[in-house]
Amino acid sequence: DTGVSQDPRHKITKRGQNVTFRCDPISEHNRLYWYRQTLGQGPEFLTYFQNEAQLEKSRLLSDRFSAERPKGSFSTLEIQRTEQGDSAMYLCASSPSRGDTEAFFGQGTRLTVV
Amino acid sequence: AQKITQTQPGMFVQEKEAVTLDCTYDTSDPSYGLFWYKQPSSGEMIFLIYQGSYDQQNATEGRYSLNFQKARKSANLVISASQLGDSAMYFCAMREGFLNQGGKLIFGQGTELSVKP
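Residues numbered from 1 in each chain as written. Chains lettered and ligands numbered in written order. Predicted model: local features only at pLDDT ≥ 70, side-chain atom pairs only at ≥ 80, totals over all residues. Heavy atoms only, no water.

Participant: How should I be thinking about the overall build of chain B in this particular structure?
Facilitator: Of the regular secondary structure elements, chain B holds 0 helices and 12 strands. Traced from its N-terminal end to its C-terminal end, chain B shows the element sequence β-β-β-β-β-β-β-β-β-β-β-β. Taken over C-alpha atoms, the radius of gyration comes to 14 Å for chain B, in line with the 13 Å a tight globule of 117 residues would show. Taken along its principal axes, the extent of the C-alpha atoms in chain B is 45 × 30 × 25 Å. Considering only residue pairs separated by 6 or more positions, chain B has 55% of its internal contacts joining residues 24 or more positions apart. Counting every atom, chain B has about 5500 Å² of accessible surface; 48% of that belongs to carbon and sulfur. Of the charged side chains in chain B, 10 are positive and 11 negative, and the gap between their average positions amounts to 3 Å. (Helix = DSSP H or I, 4+ residues; strand = E, 2+ residues; numbered from the N terminus. Rg over C-alpha atoms; globule rule 2.2 N^0.38 Å. Contact = heavy atoms within 4.5 Å. Areas by Shrake-Rupley, 256 points an atom, 1.4 Å probe, with all protein chains shown as cover. Lys, Arg positive; Asp, Glu negative; His and termini not counted. Charge placed at Lys NZ, Arg CZ, Asp CG, Glu CD.)

Set out below in structure tokens:
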């Protein structure tokens, strides 16, 4: 399977715990995006990387959130001291940096904070 | 101001009939791209169709076509010959500027389509 892969698919955690999600983009794609989707809403942009450089962060990305893409390949999104409001689907997408093409999405990680 | 507006929270269509899902957008950038994605209950966002702001013709992809009316800032999705498997959430999205300006997508709130047998 050469699509975007996210791990885990589901995560249940207790409030206050830290969680980390992983995204493996399509191998030849330079750009990697993280989005958050709450129930009944469309995805909201969180941050994006061009290779290993994090070039844009949304105001939604509080200081409890951090994302990395250390070697320009896979990316991790960490949430520290989780809150119930962090419960959402976290979607990763990738795209090439040339041409105006669609972004390819992974299946998402569904986070539930109890 | 909301940049992508989908005014239909839910739509029903009879199997084999056509259905139009509405989308209006707002931008002052002359260069933008418009996308439609399908999200089944499994959660994955599936790309359906793309329209660039400079494209002269409406985009088509199989049973999907995009009715692009630039002056009205609308980009409605038309699904012909609906199938039961088309039941899903549908999101309209916009990318402002060309990819070298970032490439992030701004999504609407979605329309839930239900296809009746």
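Participant: Help me understand the packing of aromatic side chains in this model?
Facilitator: The geometry of an aromatic ring pair is captured by the separation of the ring centres together with the interplanar angle, meaning the angle of the planes. If you walk through the whole model with that rule in mind, you get 15 aromatic pairs over all chains. Both rings, one in Tyr37(B) and one in Phe107(B), keep their centres 6.0 Å apart while their planes meet at 50°; by these two values the pair is tilted. Of this pair, Tyr37(B) sits in strand β5 (residues 32–39) while Phe107(B) sits in strand β11 (residues 106–107), placing them 70 residues apart in sequence. By the ring-pair criterion, three or more aromatic residues cluster together here, those being Tyr33(A), Tyr35(A), Phe45(A), Tyr48(A), Phe105(A), Phe35(B), Tyr37(B), Phe47(B), Tyr50(B), Phe91(B) and Phe107(B). Between the NZ or CZ atom of Arg22(A) and the centre of the ring of Phe74(A), over which it lies, the distance is 3.9 Å. Taking NZ or CZ as reference, Lys116(B) lies 4.9 Å from the ring centre of Phe12(B), over its face. (Phe/Tyr/Trp six-rings, centres within 6.5 Å; stacked < 30°, edge-to-face > 60°. Lys NZ or Arg CZ within 6 Å of the ring centre and 35° of its normal.)

Participant: Would you mind showing me how to read the layout of surface pockets here?
Facilitator: Where empty space is left becomes clear once a probe the size of a water molecule has been rolled over the atoms. In this structure, the second largest pocket occupies an estimated 350 Å³ of space. Taken together, 18 residues make up the lining of the second largest pocket; nearest its centre are Gln37(A), Leu39(A), Gln39(B), Pro40(B) and Met89(B). Listed by contribution, the elements that provide at least two residues to the lining of the second largest pocket are β10 (88–96) and β12 (111–116) of chain B. (1 Å grid on protein atoms, 1.4 Å probe; cavity = no way out; pocket = protein on both sides within 12 Å on 5 of 7 lines; lining within 4 Å. Points joined across faces, edges and corners; volume = space filled by probe spheres on them.)

Participant: Looking at this structure, I do not really get the nonpolar core. What am I missing?
Facilitator: Across soluble globular proteins, nonpolar side chains show a tendency to be buried alongside one another. Judged by nonpolar contacts, the single largest core of 24 residues is most densely connected at Tyr25(B), Trp36(B), Ile49(B), Leu77(B) and Tyr90(B). Looking at this core element by element, the count peaks at 4 residues for β10(B). Membership of the second largest hydrophobic core comes to 19 residues, among which are Phe21(A), Trp34(A), Leu61(A) and Ala67(A). (Core = buried A, V, L, I, M, F, W, Y, C linked by side-chain atoms within 4.5 Å. Buried < 20%, exposed > 50% of the residue type's maximum accessible area, 1.4 Å probe, protein only.)

Participant: Help me understand the pattern of salt bridges, please; the structure alone is not making it clear to me.
Facilitator: Pairing is possible between side chains of opposite charge, provided their charged atoms come close. Evaluation of the coordinates by the stated rule reveals 6 salt bridges over all chains. Two residues, Lys104(B) and Glu56(A), come together in a salt bridge whose shortest N-O distance is 2.6 Å. With Lys104(B) in the loop between β10 and β11 and Glu56(A) in strand β6 (residues 53–57), this residue pair bridges two chains. What makes Lys104(B) partly exposed here is its relative accessible area of 29%. (Salt bridge = Lys/Arg side-chain N within 4 Å of Asp/Glu carboxyl O.)

Participant: Quick question: what am I supposed to make of the side chain of Arg31(A) here?
Facilitator: All names here are of chain A. Within the element layout of this structure, Arg 31 appears in strand β4 (residues 31–37). Lacking a salt bridge, the buried Arg 31 has Glu 56 as its closest oppositely charged neighbour, with an N-O distance of 7.7 Å. A polar atom in the side chain of Arg 31 sits 3.5 Å from the side chain of Tyr 48. (Polar contact = N/O pair within 3.5 Å; in protein donor to acceptor, adjacent residues only side chain to side chain.)

Participant: How should the interface of chain B and chain A be read in this particular structure?
Facilitator: Interfaces are often described in size by the accessible area the parts lose on coming together. Across the contact, 21 residues belong to chain B and 25 residues belong to chain A. Buried area between chain B and chain A, both sides added, is near 1900 Å², and the carbon and sulfur share of it is 48%. Inspection of the region where chain B meets chain A yields 1 salt bridge. For the side of chain B that touches chain A, the elements supplying multiple residues, two or more each, are β5, β6 (46–52) and β10 of chain B. (Buried area = accessible area lost by both parts, 1.4 Å probe.)

Participant: What should I look at first to understand the side chain of Gln51(B) in this one?
Facilitator: All names here are of chain B. Relative to the helices and strands, Gln 51 resides in strand β6. At 2.9 Å, the side chain of Gln 51 forms a polar contact with the backbone oxygen of Gln 57. Among the polar contacts listed, one links the side chain of Gln 51 to the backbone nitrogen of Ala 59, at a separation of 2.8 Å. Beyond its immediate sequence surroundings of up to four residues, Gln 51 is in contact with Tyr 32, Gly 33, Leu 34, Gln 57, Asn 58, Ala 59, Leu 66 and Phe 68.

Remember, this is a structural readout, not a statement about activity or role.
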